[in-house]
Amino acid sequence: STRVLEHVYGPGDQPRHGATDLFIVPGHAWHCVGALLTNFHLPKSTLVALVMAFAGTDTTRAAYDRAISDQLRFYSFGDAMFVHGAQVVAHGGAA
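Residues numbered from 1 in each chain as written. Predicted model: local features only at pLDDT ≥ 70, side-chain atom pairs only at ≥ 80, totals over all residues. Heavy atoms only, no water.

## Quick word on the pairing of strand β2 (residues 80–84)
On β2, burial follows the alternation: Met 81 and Val 83 on one face are buried, whereas Ala 80, Phe 82 and His 84 on the facing-out side are not. In the sheet, strand β1 (residues 35–39) pairs with β2 via 5 bridges, with the strands oriented antiparallel. Paired with Asn 39 across the two strands is Ala 80, which belongs to β2. (Buried < 20%, exposed > 50% of the residue type's maximum accessible area, 1.4 Å probe, protein only. Helix = DSSP H or I, 4+ residues; strand = E, 2+ residues; numbered from the N terminus. Pairing = 2+ DSSP bridges.)

## Regarding the environment of Phe 82
Tracing the backbone through its elements, the reader meets Phe 82 in strand β2. Owing to a relative accessible area of 57%, Phe 82 belongs among the exposed residues under this scheme. Along the chain, Phe 82 and Leu 37 lie 45 residues apart, while their C-alpha atoms are 4.6 Å from each other. Excluding residues that lie within four positions of it along the chain, Phe 82 makes contacts with Ala 35, Leu 36 and Leu 37. (Contact = heavy atoms within 4.5 Å.)

## Here's the deal with the layout of surface pockets
Estimated volume of the largest pocket: approximately 350 Å³. Around the largest pocket sit 18 residues that line it, and Ser 1, Thr 2, Arg 3, Leu 47 and Leu 50 are the ones nearest its centre. Sorting the residues of the lining of the largest pocket by element identifies α1 (2–8), β1 and α2 (46–55) as the ones contributing at least two each. Ranked by residue count, the leading element in the lining of the largest pocket is β1, at 5 residues. (1 Å grid on protein atoms, 1.4 Å probe; cavity = no way out; pocket = protein on both sides within 12 Å on 5 of 7 lines; lining within 4 Å. Points joined across faces, edges and corners; volume = space filled by probe spheres on them.)

## Regarding α2
Summarising burial for α2: 7 of the 10 residues are buried, a large majority. Among the residues making up α2, those that are buried are Val 48, Ala 49, Leu 50, Val 51, Met 52, Ala 53 and Phe 54. Tucked into the core, α2 has its buried residues touching α1, β1, α3 (57–69) and β2. Positive phi shows up at Gly 56, right after α2, with a value of about 100 degrees.

## Description of the packing of aromatic side chains
Taken as a whole and judged by the stated rule, the model has 2 aromatic pairs. Ring centres 5.0 Å apart and planes at 90 degrees place the aromatic pair Trp 30 and Phe 54 in the edge-to-face group. Of this pair, Trp 30 sits in the loop between α1 and β1 while Phe 54 sits in helix α2, and the two are 24 residues apart along the sequence. Given a relative accessible area of 18%, Trp 30 falls into the buried group. Relative to Tyr 64, the ring of Phe 40 has its centre 5.3 Å away and its plane inclined at 75 degrees; by these criteria the two rings are edge-to-face. One end of the pair, Phe 40, is in the loop between β1 and α2; the other, Tyr 64, is in helix α3, with 24 residues separating them in the sequence. Comparing Phe 40 with Tyr 64, the two get one shared label, buried. (Phe/Tyr/Trp six-rings, centres within 6.5 Å; stacked < 30°, edge-to-face > 60°.)

Structural data, given as C-alpha coordinates:
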(Lines give C-alpha, C1' and ligand atoms only; values in the text may rest on other atoms or scores of the structure.)
Protein backbone atom coordinates (compact mmCIF):
# COMPACT_ATOMS: atom_id res chain seq x y z
CA SER A 1 0.00 0.00 0.00
CA THR A 2 2.93 2.38 0.61
CA ARG A 3 4.17 1.97 -2.95
CA VAL A 4 0.66 2.51 -4.34
CA LEU A 5 0.10 5.69 -2.32
CA GLU A 6 3.49 7.09 -3.28
CA HIS A 7 2.78 6.28 -6.94
CA VAL A 8 -0.72 7.78 -7.02
CA TYR A 9 0.16 10.91 -5.04
CA GLY A 10 3.76 11.30 -6.21
CA PRO A 11 5.29 14.39 -7.77
CA GLY A 12 3.15 16.53 -10.03
CA ASP A 13 -0.15 18.32 -9.80
CA GLN A 14 -2.49 15.45 -10.69
CA PRO A 15 -2.89 12.05 -9.03
CA ARG A 16 -1.79 9.17 -11.23
CA HIS A 17 -3.47 5.84 -11.90
CA GLY A 18 -2.53 2.42 -13.24
CA ALA A 19 0.11 -0.09 -12.25
CA THR A 20 3.32 0.93 -10.53
CA ASP A 21 6.85 -0.35 -10.67
CA LEU A 22 8.00 2.07 -7.97
CA PHE A 23 10.94 0.66 -6.00
CA ILE A 24 11.44 2.62 -2.76
CA VAL A 25 15.00 2.72 -1.44
CA PRO A 26 16.99 5.17 0.69
CA GLY A 27 16.99 8.56 -1.00
CA HIS A 28 13.32 8.32 -2.08
CA ALA A 29 11.55 11.70 -1.94
CA TRP A 30 8.35 11.07 0.03
CA HIS A 31 5.20 12.74 -1.29
CA CYS A 32 2.28 11.22 0.59
CA VAL A 33 3.04 8.68 3.30
CA GLY A 34 3.72 10.17 6.73
CA ALA A 35 3.85 7.00 8.85
CA LEU A 36 4.37 3.26 8.53
CA LEU A 37 2.96 0.37 10.53
CA THR A 38 5.08 -2.58 9.50
CA ASN A 39 6.60 -5.84 10.67
CA PHE A 40 10.28 -6.42 11.33
CA HIS A 41 11.32 -7.79 7.94
CA LEU A 42 14.08 -10.11 6.81
CA PRO A 43 17.51 -8.50 6.53
CA LYS A 44 18.52 -7.43 3.02
CA SER A 45 14.91 -7.51 1.79
CA THR A 46 13.22 -4.84 -0.30
CA LEU A 47 10.88 -4.19 2.62
CA VAL A 48 13.81 -3.32 4.89
CA ALA A 49 15.04 -0.98 2.13
CA LEU A 50 11.63 0.73 2.17
CA VAL A 51 11.77 1.17 5.97
CA MET A 52 15.33 2.52 5.68
CA ALA A 53 14.17 4.94 2.99
CA PHE A 54 11.44 6.15 5.33
CA ALA A 55 13.13 6.21 8.74
CA GLY A 56 16.77 6.47 7.73
CA THR A 57 19.40 3.76 7.60
CA ASP A 58 20.92 4.42 11.03
CA THR A 59 17.53 4.68 12.77
CA THR A 60 16.34 1.45 11.16
CA ARG A 61 19.51 -0.41 12.11
CA ALA A 62 19.18 0.82 15.70
CA ALA A 63 15.54 -0.33 15.81
CA TYR A 64 16.51 -3.77 14.50
CA ASP A 65 19.38 -4.04 16.99
CA ARG A 66 16.94 -3.20 19.80
CA ALA A 67 14.36 -5.68 18.47
CA ILE A 68 16.99 -8.43 18.45
CA SER A 69 18.20 -7.61 21.97
CA ASP A 70 14.58 -7.53 23.22
CA GLN A 71 13.93 -10.87 21.47
CA LEU A 72 11.06 -9.54 19.37
CA ARG A 73 9.65 -11.77 16.66
CA PHE A 74 10.43 -11.09 13.00
CA TYR A 75 8.69 -11.97 9.72
CA SER A 76 4.99 -11.97 8.84
CA PHE A 77 3.64 -13.21 12.16
CA GLY A 78 6.07 -11.30 14.33
CA ASP A 79 6.03 -8.03 16.17
CA ALA A 80 5.37 -4.76 14.39
CA MET A 81 6.68 -1.22 14.66
CA PHE A 82 5.13 2.19 14.10
CA VAL A 83 7.44 4.62 12.33
CA HIS A 84 6.45 8.28 12.11
CA GLY A 85 8.21 10.14 9.34
CA ALA A 86 8.74 13.74 8.46
CA GLN A 87 5.71 15.88 7.75
CA VAL A 88 4.62 15.62 4.13
CA VAL A 89 2.54 18.05 2.11
CA ALA A 90 -0.70 16.46 0.98
CA HIS A 91 -1.36 16.48 -2.75
CA GLY A 92 -2.89 19.84 -3.61
CA GLY A 93 -3.03 20.96 0.01
CA ALA A 94 -1.02 22.52 2.77
CA ALA A 95 1.05 20.73 5.38
